[in-house]
Amino acid sequence: MSRDPILLTPGPLTTRLETRRAMLRDWGSRDAAFITMTAELRQRLLALCRGEGSHVAIPLQGSGTFIVEAAITSLVRPTDKLLVLANGAYGERMIEIARRLGRAVVALRWPEDRPVEPERVGEALVADPAISHVALVHCETTSGLLNPLEPIAKIVAQHGRALLLDAMSSFGALEIDLATMPITAVLASSNKCLEGVPGLGFALVEQTAIAAAKGVSSSLSLDLYDQWRGFESNGQWRFTPPVQVVAALVEALRSLEAEGGPPARLRRYRDNFDTLASGMQRLGFRLFLDPAVQAPIIATFHPRDDRFDFERFYAALAARGFVIYPGKLTRAESFRIGCIGALDRGDFGRLITAVEAVLKESDVRRSA
Ligand SMILES: *Cc1c(COP(=O)(O)O)cnc(C)c1O
C-alpha cells in the first residue's frame, strides 16, 4: 500500500499510481512523440464535452488562475465590458484579474450560500448594452456550490453576449455539453476532476471567438490566440511545455475514459460525498450548504462547536494520513473536505473512522 497521504483537497489531489508513473521519462518538446501526445491531449479535452465541431482546445502552462487570466486578456478587448457573476472567492478573483488588466468590469454578487439567479443576469444584460462578456464560476470551490449553468448559458446567448465559464472544479465530472450549451470559452486545469498533476490549464474556445482574438491580449505569454496558432501551425507549444504534466494528464484522461467518462466519475464523487456527509453528520458536523445547491465536489462544514480547534483537528487527521482543507468563506468559520481525486467510498469510510477516533482520543477543542 502507498504511504502517501490521502489528499481530501480540491487539487492538487490524490492521483492514480499509473498517472504518476507516466511522468517517469523525458520527452523532447519538439520531438514527434511529444507532438503526438499534445494532439491526443487536445482531442481528448474537446471530446469530453462534445466540442469537436465548434471549439478548439488550447492548453497553457501554469495553474488554473493563469488560464482564467489568459482567457480574459485574450478574449475581452479593451473596448469590451465584462460582467462577473460572483458568489465566492473565484468570482472575486476574476473581477480582480479584469481590473488589473485594465478591462472594464462590473459585478453581480450573491451570498456565498446562494446560487447565481439567471433572471437577474438577464435584467443586468438588458440594463447595460455595453456588457459584451459574462463570466461564471460553474462550481464555486469556495463553498462547493453548483451554479445553474444551463439556464445562465441560455440567457447570456439569448442576449447575444459571450459566456466565459470557470469550470476548474467541475470539468471532467459535472456535465458540460458544448453541443447543446452556448459557451464561448470553458476554462479548467489538469489537477482537479481530471485527476492529473498540477501544472497546466486549458481553454476550450469557440472557433469564431479565437479566430477573432488576434492581437487582443496585453500579455505575450498568456496570449491564447498565439498559443493556438502555435499548435495549429506545427503541433508544438510556443514556450517550454511541462512535458511530464502533459504525459500524466493524457494518462489520466485515458483512465477517465476507462472509468466510463464524466457520468461515471460523477457517480463515484457523489458516492464519496454521500459517505462523507452522512458520516460527518452522525459525528455532529453540519454542512454549510443546502443540499439543493451542493455539488459533490467539495463539502464545507461548520465547526462542531464554539471551541472546535481546526488546527488541532487538521494535525490529528494528518498524523493518520488524511489531509483536509481549511475553509475559504468570508463570514462563517468553516473547513472543507474534498470529494474528488482517485478515491472511493472505502477511503471516505476510513476517513470517518479516523475522524471518530480523533474526536474520542485527542483534544480538538480550545481551552475555555
Ligand atoms: C482551483 C480553482 C481555480 C484556479 O486556482 P489555481 O490555484 O490557480 O489552480 C479557479 N477557479 C476555481 C473555481 C477553482 O476551483
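Keep in mind it's a predicted model, so treat the numbers as computed, not measured.

Rules used throughout
- Residues numbered from 1 in each chain as written.
- Predicted model: local features only at pLDDT ≥ 70, side-chain atom pairs only at ≥ 80, totals over all residues.
- Heavy atoms only, no water.
- Helix = DSSP H or I, 4+ residues; strand = E, 2+ residues; numbered from the N terminus.
- Buried < 20%, exposed > 50% of the residue type's maximum accessible area, 1.4 Å probe, protein only.
- Contact = heavy atoms within 4.5 Å.
- Areas by Shrake-Rupley, 256 points an atom, 1.4 Å probe, with all protein chains shown as cover.
- Axes fitted to C-alpha atoms, helices over the stretch in contact; angles between N-to-C directions.
- Parallel < 35°, antiparallel > 145°, perpendicular 65-115°, else oblique.
- Left-handed = near helix turned anticlockwise from the far one by under 90°.
- Nonpolar A, V, L, I, M, F, W, Y, C, P; charged D, E, K, R; others polar.
- Near = heavy atom within 4 Å.
- Polar contact = N/O pair within 3.5 Å; in protein donor to acceptor, adjacent residues only side chain to side chain.
- Pairing = 2+ DSSP bridges.
- Right-handed = clockwise from strand over helix to strand, strands pointing away.
- Salt bridge = Lys/Arg side-chain N within 4 Å of Asp/Glu carboxyl O.

Asker: Give me the overall build of the protein: which residues, what numbers.
Answerer: Helices and strands together make up the secondary structure of the protein, namely 12 helices and 14 strands. Oriented by its inertia axes, the alpha-carbon framework of the protein measures out at about 60 × 55 × 35 Å. For the protein, with 368 residues in total, the buried portion stands at 58%. Long-range pairs, those at least 24 residues apart, make up 72% of the contacts in the protein with a sequence separation of at least 6. Of the roughly 15,400 Å² of accessible surface on the protein, 51% is carried by carbon and sulfur atoms.

Asker: I'd love a proper account of the packing of helix α11 (residues 310–319) against helix α12 (residues 345–361), names of residues and values included.
Answerer: It is the contact of α11 with α12, at a shortest axis distance of 10 Å, that shows an interaxial angle of 125°. Taken as axis vectors, α11 and α12 run oblique relative to one another. Where α11 crosses over α12, the two elements pack in a sense that is right-handed. Counted together, Phe313, Ala316 and Leu317 of α11 and Leu351, Ala354, Val355, Val358 and Leu359 of α12 form the full contact between these two elements. Here the contact of α11 with α12 is built from residues that sort into eight nonpolar, no polar and no charged.

Asker: Any details on unusual backbone geometry? Residues and values, ideally.
Answerer: The step from Gly11 to Pro12 runs through a cis peptide bond, and the omega angle for that step is 0°. Of note, Pro12 is situated in the loop between β1 (6–7) and α1 (17–21). Located in the positive-phi region is Arg50, a residue other than glycine, with phi close to 50°. Checked against the element boundaries, Arg50 lands in the loop between α2 (32–47) and β2 (55–61). Not every positive phi belongs to a glycine, and Glu195 is a case in point at roughly 65°. For Glu195, the location among the structural elements is in the loop between β9 (185–189) and β10 (200–206). The class of Glu195 is buried, set by a relative accessible area of 3%.

Asker: So, the site of the ligand: which residues are in play, and what are the values?
Answerer: Every residue lining the ligand is accounted for by Ser63, Gly64, Thr65, Tyr90, Arg93, Val137, Cys139, Thr141, Asp166, Met168, Ser169 and Lys192. One of the side-chain N or O atoms of Thr141 is found 2.4 Å from an oxygen atom in the ligand. In this structure, a nitrogen atom belonging to the ligand sits 2.6 Å away from a side-chain N or O atom of Asp166. Notes on the ligand: free accessible area 380 Å², of which the protein chains cover 85%. Residue assignment for the shell around the ligand shows that the elements contributing at least two residues are α3 (64–75) and α4 (89–100).

Asker: An account of the pairing of strand β4 (residues 104–109) is needed here, citing residue identities and associated values.
Answerer: Alignment of strand β3 (residues 81–86) against β4, held across six bridges, turns out to be parallel. Across the sheet, Lys81 pairs through a bridge with Ala104, a residue of β4. Following the backbone out of β3, through α4 and into the adjacent parallel β4, one traces a crossover that is right-handed.

Asker: How would you explain the pattern of salt bridges if you had to name every residue and give the values?
Answerer: For the structure on display, the rule yields 22 salt bridges. With a closest N to O distance of 3.6 Å, Arg16 and Glu18 form a salt bridge. Measuring nitrogen to oxygen at the nearest pair gives 2.7 Å for the salt bridge that ties Arg109 to Glu92. Of this pair, Arg109 sits in strand β4 while Glu92 sits in helix α4, and the two are 17 residues apart along the sequence. We classify Glu92 as partly exposed; its relative accessible area is 32%. Through salt bridges with shared partners, one network takes in Glu40, Arg44, Glu251, Arg254 and Glu257.

Asker: With reference to specific residues and values, describe the packing of helix α10 (residues 261–282) against α12.
Answerer: Where α10 meets α12, the closest approach of the two axes is 8 Å, and the angle between their N-to-C directions is 15°. By the angle class used here, α10 and α12 are roughly parallel. As for the relative orientation of α10 and α12, their crossing is right-handed in sense. Where α10 abuts α12, its residues Asp271, Asn272, Thr275, Leu276, Gly279, Met280 and Arg282 lie against Arg345, Phe348, Gly349, Leu351, Ile352, Val355 and Glu356. Within the contact of α10 with α12, the residues separate by chemical class into six nonpolar, four polar and four charged.

Asker: Tell me about the sheet that holds β3, and please be specific about residues and values.
Answerer: An order of β2-β10-β9-β8-β5-β3-β4 is seen for the seven strands of this open sheet, with the pairing classed as mixed. Bordering the open sheet on either side are β2 and β4, each of which pairs with just one other strand. Going from strand to strand, the sheet's axes swing by 20° on average, the running direction of each strand aside. Here β3 pairs with strand β5 (residues 133–137) via four bridges, running parallel. Within β5, the position partnered with Val84 by the bridge is Ala135.

Asker: Explain helix α8 (residues 224–234) residue by residue, including any values.
Answerer: All buried positions along α8 are accounted for by Leu224, Tyr225, Gln227, Trp228, Gly230 and Phe231. Next to the buried residues of α8 lie α2, β2, α3, β10 and α7 (207–211).

Scope: geometric values only; no functional claims are made or implied.
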